[in-house]
Amino acid sequence: MSPEVFCFADYPCHTVAIDILKAPPEDDNKEIATWKSLDLVESLLRLSEVGQYEPVKQLFSFPIKHCPDMLVLALLQISTSWHTLRHELISTLMPIFLGNHPNSAIILHYAWHGQGQSPSIRQLIMHSMAEWYMRGEHYDQAKLSRILDVAQDLKSLSMLLNATPFAFVIDLAALASRREYLKLDKWLTDKIREHGEPFILACVTFLKRRCPSIMGGLAPDKDQPKSAQLPPETLATMLACLQSCAGSVSQELSETILTMVANCSNVMNKARQPPPGVMPKGRAPSTSSLDAISPVQIDPLSAMGSLNLGGSTTSHTQNMQGFPSSLSSAFSNPQSPAKAFPPLTNPNPSTPFGGIGSLSSQLPGMDSGPLGSGIGSSIGSGLGMPAVTSDPFGTRKMSTPGLNPPTFQQTDLSQVWPEANQHFSKEIDDEANSYFQRIYNHPPHPTMSVDEVLEMLQRFKDSTIKREREVFNCMLRNLFEEYRFFPQYPDKELHITACLFGGIIEKGLVTYMALGLALRYVLEALRKPFGSKMYYFGIAALDRFKNRLKDYPQYCQHLASIGHFLQFPHHLQECVQYIEYGQQSRDPPVKLQGSITTPGSLALAQVQAQSQQPGVPKAPQPGQASTLVTTTTATTTVAKTTTIARPTPSGFKKDVPVSTIMPSINTTNIDTLLVATDQTERIVEPPENVQEKIAFIFNNLSQSNMTQKVEELKETVKEEFMPWVSQYLVMKRVSIEPNFHSLYSNFLDTLKNPDFGKMVLSETYRNIRVLLTSDKAAANFSDRSLLKNLGHWLGMITLAKNKPILYTDLEVKSLLLEAYVKGQQELLYVVPFVAKVLESSLRSVVFRPQNPWTMAIMNVLAELHQEHDLKLNLKFEIEVLCKNLSLDINDLKPGTLLKDKEKLKSLEEQLSAPKKEAKPPEEMLPIVTTGDFLPFAVAPSTPAATTTACTTTGPPTPQFSYHDINVYALAGLAPHINININIPLLQAHPQLKQCVRQSVERAVQELVHPVVDRSIKIAMTTCEQIVRKDFALDSEESRMRVAAHHMMRNLTAGMAMITCREPLLMSIATNLKNSFAAALRAPTPQQREMMEEAAARIAQDNCELACCFIQKTAVEKAGPEMDKRLATEFELRKHARQEGRRYCDPVVLTYQAERMPEQIRLKVGGVDPKQLAVYEEFARNVPGFLPSNDLSQPTGFLAQPMKQQAWATDDVAQIYDKCMADLEQHLHAIPPALALNPQTQALRSLLEAVALARNSRDGIAALGLLQKAVEGLLDATSGADADLLLRYRECHLLVLKALQDGRAYGPQWCNKQITRCLIECRDEYKYNVEAVELLIRNHLVNMQQYDLHLAQSMENGLHYMAVAFAMQLVKLLLVDERSVGHITEADLFHTIETLMRTSAHSRANAPEGLPQLMDVVRSNYEAMIDRAHGGPNFMMHSGISQASEYDDPPGLREKAEYLLREWVNLYHSAAAGRDSTKAFSAFVGQMHQQGILKTDDLITRFFRLCTEMCVEISYRAQAEQQHNPAASAAIIRAKCYHNLDAFVRLIALLVKHSGEATNTVTKINLLNKVLGIVVGVLIQDHDVRQTEFQQLPYHRIFIMLLLELNAPEHVLETINFQTLTAFCNTFHILRPTKAPGFVYAWLELISHRIFIARMLAHTPQQKGWPMYAQLLIDLFKYLAPFLRNVELNKPMQILYKGTLRVLLVLLHDFPEFLCDYHYGFCDVIPPNCIQLRNLILSAFPRNMRLPDPFTPNLKVDMLSEINIAPRILTNFTGVMPSQFKKDLDSYLKTRSPVTFLSELRSNLQVSNEPGNRYNIQLINALVLYVGTQAIAHIHNKGSTPSMSTITHSAHMDIFQNLAVDLDTEGRYLFLNAIANQLRYPNSHTHYFSCTMLYLFAEANTEAIQEQITRVLLERLIVNRPHPWGLLITFIELIKNPAFKFWSHDFVHCAPEIEKLFQSVAQCCMGQKQAQQVMEGTGAS
């Protein structure tokens, strides 16, 4: 419609306030004016949320284009809860105002600072800024500058700089720092500290983008505008910050940073020219010459890729005796703190400097004079030396002394060749360059090959002519200097350079430092990302000198440790082997043939596993690979071992990079298929490169490039390789990529190669057979999913293409039968497989359902489905299949195939025989130990050269007897210390003797605890098991105990001895050396030698003593520990003796009798003397001590008698005993007929498990028992006998409850473990709703964890089974509200949220019943809840769930207690300041100090602990009152309030001051979180304490907090509505049905004057009304059952009275509120509560004058209000089922369907139980709906309702039909529903009054008239007030002679009734008139 005709702005509406705009929109343009209407915008947004998103968005395109400013204001000014489109529009509009719009400043200012704008708007604006800038092509700096200006104007820069994405923020910060708005370095440091690695990564990416040359790449672009270049100072600052944190980030990132730092000077220094001829058009000189960047000029040390600086500086210098003293300076360099650079390249270094001492011996020619000195001097120069010590290659074992890291840009390369120090003359330079020209083949120069150049260089190097030597030096120097520009070379030139470079190393043209540098360059290049330019350079160079690798074993290690080492190209396969052999300084064996992967790489992984023992730094022995492969390769190797382990004929191992074999999401592994393939016939395998191409084709296949890829395949693959391709496609692709099946199927169609199709099909069948016959272990998930995938594929390439599955290939029905016979495991494989195959039949013209073949299989599945013990998930599979095929499972015709014995006999097996443990054929085992590879597997046996020859074989002879040594203090060592006075050092310096004792004591002290604990732990288990076995039938516990001690002592001593001897030797010696060195200050070399010798000797002499001390300490501690372990055993024997029987373990007895041969069988009674002799031997010979013959008392502690108290039956045993007794009782009660039932057997095994747990009484047994019980519950299906099932569940619960007992393991541990079992158990059990509900109902599940798990397992609605399960669970727990009162929606918060999302997103194909379920949940819980994720409500629910969370960090409770005490004192102190503000600022400091404010989690825990403590204090105070009744209640209350009020004030202050003053979000979130915590604590307390629950503390917290937060302060006023919403949510969650114990306090809270006033009066636009109405409904719902059954005991009477009072207040002060919500209230008030309902119905608007109903001849239809409809704010049509409403509407319009009236009663009736027959809500809704429709209908005809106009319409048909058709109960409810509308004068009152009278007049029986009278009368005979409409209806009825009221029999049926009518008539009409009427009627 044209806007000229109709424009929203012309009609009354809320308009956009546009007075602030500088340039308002055109006034006369009607089309624009339309958008002034806020109502229009709001309605559109509302529509967008109900499925009209796109069309609405289209509508907005006009205002976006023509009046964006007005639209933004409109969007900002409406308050709506429909945010999605609103936010999207605001984001779309913001860029307009970031550009140059005339109103931009005003709009941005309004959006940012406007009153009432929610913080999310700011987030949007910031997000839009980032988007606007980052979406631009080249990150336009002008835009950035504009954003910065805007941010400054809005004073929002600091907020913007705290936003994301980092890329934008960093850019902005850089610009801001240039304009001096902030200090960049400080800002960067803060952000790095806050966000860590992600932010650092963003900085690096930023630098790469803004300064590409920093990665050593191209020089800055000439056409890069000046503004886009990063100024040097910014670059410098950023690099300095990044460098300082390079140590704390991942290796890769850190290397990038260091490369940047290193290249930084490239970028900033002058540009050099490359050698002539390399670059097509010489390199342009770089534009920036920035030499003055001090912070980045880093000294050589710090730029090293891998600083291995361990320890302190002194230790380095000690280790380097052979080097000149100038070296130490290299280490104490202030600019390279060691901590900043942990070892980067070498994650598992051996000792950093172990090898240096012997380095000189390995430098070739080091001992020969001149060279040695030369190298010394060059090393000292600060370039080479650091390279040696902090050597990038870990411990140097190679003949390349001076490898230097990439710091060559600061250091002149002249140090590498001292002889090249002079500057070369022009002609030398020219000649050198001319050779380069020839290599790079640039005319006019003749060309030279690389080999020719190398030969020439070889000649020049050794030439006698000085000039030639100079050319040689000049060329090499140029080449090396040029290295950093290699990345810019074109590919061809780079390759030539690489060959040249490698050749120089190969031919040995460089030595020493230059060689080191060259090798370093190659290594660096190879470390570059796989496939990069420099990587190829490295590969080419390496290829050149591969045969030299064996000379540099250490270098090989570094190559092998490169992350992508295993991906080096295949033509370098040999090279790879060279390196592997190089590591052992050997040449490789003869080249291995063909393409079989060498197991070398496997062996490598094994050695690596052996050599990577963390924490044992050992110097590598020559030839042993010490640090083989870095961790990154470890993973690749392992990932591949699955396939490499079998050297197989088929070449599947190398064709696909690891990543494609194992797709990241799909954990399926195809081992089963690979193994099977290995044993099949050889398939011709294409060459390596073809395999790679095939993999590439499939990797990149898509629908769009299908034909092209098919062509590629045809060109690439020869015919004979097609079988291989088919095998590859099925095994490597189809089996693990179900999502691409249709793609691959189309591929086959496009290929049009029938032979290939057949190959694929037969390969598919082959693999299916492999999987069907594989071992079907329960946990073999991957095989099951492979089989499902192949089933799906099989269906696609056969059935879907109308091809049959032949009987000979796969017999589906027999397969199902066979699986059924063989059992559950087989079914788990077969059923899903068959279902997947059949799924495709839907796409087939031939095989779609009703095809006999398909239906026959479906019928077998249906028969399976009927099996009662079939696993749930299999039933599910079958149901899902039926749904997919649009079949109803009940329509299928299940046969009796499964029971057919005949069929079984002739069955051909397609599955393997079940569970035969077949031995794998030999050839499958990995063959690693072939001759060639031996050195890998066996480490060389060169012993480590330690200082002393301590490695004597066998244990030394003992020197001490057990009693000699006193272990009660370290001083016990002193008397036995042995010092040999002949030691030269001690003769020279006798004072050093005193060092000995402390050295030995310190060594013992360090080792004693770890050794003792470890020894006892290991010995204990062995000893306990053996003693238990040997003495199981011995009834004497004392014998058992003595034997256990003997054995324990022996084992512990032996264990301790072997553990501590070696470390003790080393430790004593080290301690001695340190002490000697300290005493002698600066020892001479000679003294040092003496010290070494003395230390070794003394350590040797005293090691035995120290060892014995530790052993004895361990033994003394072991005895009591052993007693504890065997306590149960001893106690069982005692117990038996007290009962007068001999103990023996029955289980052992039967085992011994049945299984053991006579010779070694245990007999009942004492242990055989031969066996006791073993234990006596243990006692006689304690390892490490002299043998003792005194058996009676070998040690001190056995002399004491056995302590009695240890054997009192502990609580746990009692609990177990009770549990066992109960279980036995249950088992006895089971009838004998069910004795063999599997459930009975399961109960027996449960009883055994309890007995086992009781005997061992350790956590592990308990955990096993718990798992057994949980799994037992989950596995119980309903097939069994009902009574038995009940008993079965009862028993399992009994066990769990026993474990949960506080005296056993406690609810915390138990619930955690039970929840873990639920989460981790297998799918087929997991979804047993009854069992899970049972566990939840019994408080055995940690709901928070379970809820999260359930939400995740639904996979956003994709996991069909989980969704169905979640739906059932939610329905059981939250909708049917059966017996699980303690579960609230908060407990299933995430589950409900996921279900809601699923329901919303997949409206069309959501699981059946989900939308309806969600509607019910919503109507139950969401009347006042917005569930935005992360919104306030989310906070509240997370708070509730966190209130029951455990696992607080240690010490937190004490901290919280201390802080709370501090705060209470501060709060009550005089100096607290107004509103405690001073106290608060002091206290926040303390909270910071204690670290409470660090994370949200800690804050949450703090609030929880404080709430718990305050509540605890209240309980204690009230308990005091019970003990001391004299204490006055007031004093006790004051005591409680002392803490509670302080706590509330703290909460209020934190809420007020959290976030910035204007940031309301944090305040509200915090408030919701705290309220949630208090609610959670309350609910838990309420559940645990039950009748002992006290309301007082919670009531006080809520009421005080409500008062605090409603104080008249500006900051609180701005958030008042959100505060009230939070309180409403809180009260709604605590509604009386959920927490009945809190009901009085609850009623007091909701009726508090401040709360009512704020909710109903002060909140604008009546926004508080619906929430308050919901709370009243909560109250009525709770009262309803009591009122309905009239069970009003004292407490209920008090509550009822309170409710009446609240209603009276509302009636008096807020009658409009009652008017608007009367419907919702009457809906939940039981029909018999007359007065309660009258109170609500009597309400009328305060601005209305009610006409007196008693006025004679009152003309109701003439009243002015009578045609105005009242406001009804309840959605009453919501309860109507959609079909019912459709039929109803259709009937009202057209009076069809005809059956509507006849079916009406059955639609309203829900049961046959008297009193509950009808759906009251539906009756109420129906009456009101039909009435409103009738009024509208009459108005449309132009008349008004009256007795004459309401007749003969569809509406009245319905009413009359109901009056006649319903029984008495139904009619009463129906008439009540009408009477509920008789209120103040309005159109509803008038219509329904006429209807009531009409029904009376037209009634066909007197019964109906009597009931109408009853309904009216019972409302009139109660106390006032009476609704006006009720009065006028009744008066009309008795007054108007037309109704003949007084002539009816029921008026006169009894004298008292007659009297009643008369008195009512007199009240209504006055005595005289009443008399006349009655008589008049009587007369007539």
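The model shown is predicted, which means the values in this text are computed figures rather than measured ones.

The subject of this paragraph is the overall build of the protein. Across its full length, the protein holds 86 helices and zero strands. Out of the 1980 residues in the protein, the part that is buried amounts to 53%. Within the protein, contacts between residues at least 6 apart in sequence are counted, and of these 76% link residues at least 24 apart. Only carbon and sulfur atoms are counted for the fraction: they give 55% of the accessible area of the protein, which is about 88,600 Å².

So, about the pattern of salt bridges. Counting across every chain of the model gives 64 salt bridges. Arg1061 is the salt-bridge partner of Glu1104, the closest N and O atoms lying 2.6 Å from each other. Highlighted residues: Glu1104 in helix α48 (residues 1085-1138) and Arg1061 in helix α47 (residues 1037-1080), separated in sequence by 43 residues. Salt bridges here are not isolated pairs; linked through shared partners, they connect Glu1024, Arg1028, Arg1125, Glu1129 and Arg1133.

For the coordinates displayed, the defined rule picks out 58 aromatic pairs. Centroid distance Phe1855 to Phe1870: 5.9 Å. Interplanar angle 40°. Geometry classified as tilted. With Phe1855 in helix α80 (residues 1850-1861) and Phe1870 in helix α81 (residues 1864-1875), the pair connects residues that are 15 residues apart, well separated along the chain. Under the relative-accessibility criterion, Phe1855 is labelled buried at 0%. Grouped by ring-pair contacts, the aromatic residues Phe1598, Phe1623, Phe1627, Phe1638, Phe1651, Trp1665, Tyr1668, Phe1676, Phe1713, Tyr1717 and Phe1721 constitute a single cluster. Lying over the aromatic face of Tyr1537, Arg1596 brings its terminal NZ or CZ to 3.6 Å of the ring centre. Positioned over the ring face of Tyr1868 is Arg1910, at 4.2 Å from the centre of the ring.

Judged by nonpolar contacts, the single largest core of 119 residues is most densely connected at Phe1598, Phe1638, Phe1651, Tyr1668, Leu1706, Phe1713 and Phe1721. Counting residues per element, this core draws most heavily on helix α66 (residues 1529-1553), which supplies 13 residues. Here Phe1713 is in contact with Leu1656, Trp1665, Tyr1668, Ala1669, Leu1672, Leu1706 and Phe1721, once residues within four sequence places are set aside.

Moving on to helix α55 (residues 1306-1320). Here α55 spans 21 Å end to end across 15 residues, near enough to the 21 Å set by a 1.5 Å rise per residue. All of the buried residues in α55 are Gly1306, Cys1310, Asn1311, Gln1313, Ile1314, Thr1315, Cys1317 and Leu1318. Those residues of α55 that are buried are in contact with α53 (1259-1275), α54 (1282-1300), α56 (1323-1326), α57 (1329-1337) and α58 (1343-1353).

With that settled, the discussion passes to the packing of helix α59 (residues 1360-1375) against helix α60 (residues 1389-1401). Relative to each other, α59 and α60 sit at 120°, their axes nearing to 11 Å. In terms of axis orientation, α59 runs oblique to α60. Considering how the two elements wind past one another, α59 and α60 form a crossing that is left-handed. Contacts from Val1363, Ala1366, Met1367, Val1370 and Leu1374 in α59 reach Thr1391, Ile1392 and Leu1395 in α60. Taken together, the residues of the contact of α59 with α60 break down into seven nonpolar, one polar and no charged.

The next point concerns the environment of Arg1461. For Arg1461, the location among the structural elements is in helix α63 (residues 1452-1468). On the accessibility criterion, Arg1461 (48% relative accessible area) is partly exposed. Each C-alpha atom, one on Arg1461 and one on Phe1543, is 9.9 Å from the other, the two residues being 82 residues apart in sequence.

Next up on the list: the packing of helix α34 (residues 706-716) against helix α36 (residues 741-751). Where α34 meets α36, the closest approach of the two axes is 10 Å, and the angle between their N-to-C directions is 65°. Remark: the crossing between α34 and α36 carries right-handed chirality. Across the interface between the two elements, Met706, Thr707, Lys709, Val710, Leu713 and Lys714 of α34 pack against Leu743, Asn746, Phe747, Thr750 and Leu751 of α36. When grouped by side-chain class, the residues that make up the contact of α34 with α36 number six nonpolar, three polar and two charged.

As a further point, take the side chain of Ser128. Secondary-structure assignment places Ser128 in helix α8 (residues 119-135). With a relative accessible area of 3%, Ser128 lands in the buried category.

A separate point is α58. For α58, every residue scored as buried is listed here: Met1343, Tyr1346, Asp1347, His1349, Leu1350, Ala1351 and Ser1353. Directly beyond the C-terminal end of α58, a positive phi value near 50° is found at Glu1355.

A separate point is the environment of Leu743. Its place among the elements puts Leu743 in helix α36. Judged by its relative accessible area of 11%, Leu743 falls in the buried class. C-alpha of Leu743 to C-alpha of Ser702: the two residues are 41 residues apart in sequence and 6.9 Å apart in space. The residues touching Leu743, leaving out its near neighbours within four places in the chain, are Leu701, Ser702, Gln703 and Met706.

In this section: the confidence of the model for the protein. Of the residues in the protein, 80% have a pLDDT of 70 or more, and the chain-wide mean is 78. Across residues 1191-1209, where pLDDT falls below 50, the model places 31 contacts with residues more than four positions away in sequence or in other chains.

By the element assignment, His741 lies in helix α36. A polar contact is formed between the side chain of His741 and the backbone oxygen of Val734, at a distance of 2.9 Å. His741 has contacts with Val734, Asn789, His792, Trp793 and Met796, leaving out every residue within four places of it along the chain.

The next thing to look at is unusual backbone geometry. In this structure, the amide linkage connecting Ser1792 to the following residue, Pro1793, adopts the cis form with an omega of 0°. By secondary structure assignment, the location of Pro1793 is in the loop between α77 (1778-1790) and α78 (1795-1804). For the bond from Arg1920 to Pro1921, the omega torsion is 0°, close enough to zero to count as cis. Residue placement: Pro1921 occurs in the loop between α83 (1902-1916) and α84 (1924-1935). The phi angle at Gln1586 is positive, at roughly 50°, despite the residue not being glycine.

A word on the environment of Asn1771. Here Asn1771 shows up in the loop between α76 (1730-1737) and α77. For the pair Asn1771 and Gly1720, spaced 51 residues apart in sequence, the C-alpha to C-alpha distance is 8.5 Å. At a separation of 3.2 Å, a polar atom in the side chain of Asn1771 contacts the side chain of Thr1773. At 3.3 Å, the side chain of Asn1771 forms a polar contact with the backbone nitrogen of Gly1774.

Calculation notes
- Residues numbered from 1 in each chain as written.
- Predicted model: local features only at pLDDT ≥ 70, side-chain atom pairs only at ≥ 80, totals over all residues.
- Heavy atoms only, no water.
- Helix = DSSP H or I, 4+ residues; strand = E, 2+ residues; numbered from the N terminus.
- Buried < 20%, exposed > 50% of the residue type's maximum accessible area, 1.4 Å probe, protein only.
- Contact = heavy atoms within 4.5 Å.
- Areas by Shrake-Rupley, 256 points an atom, 1.4 Å probe, with all protein chains shown as cover.
- Salt bridge = Lys/Arg side-chain N within 4 Å of Asp/Glu carboxyl O.
- Phe/Tyr/Trp six-rings, centres within 6.5 Å; stacked < 30°, edge-to-face > 60°.
- Lys NZ or Arg CZ within 6 Å of the ring centre and 35° of its normal.
- Core = buried A, V, L, I, M, F, W, Y, C linked by side-chain atoms within 4.5 Å.
- Expected span 1.5 Å × (residues − 1).
- Axes fitted to C-alpha atoms, helices over the stretch in contact; angles between N-to-C directions.
- Parallel < 35°, antiparallel > 145°, perpendicular 65-115°, else oblique.
- Left-handed = near helix turned anticlockwise from the far one by under 90°.
- Nonpolar A, V, L, I, M, F, W, Y, C, P; charged D, E, K, R; others polar.
- pLDDT = per-residue confidence, 0-100.
- Polar contact = N/O pair within 3.5 Å; in protein donor to acceptor, adjacent residues only side chain to side chain.

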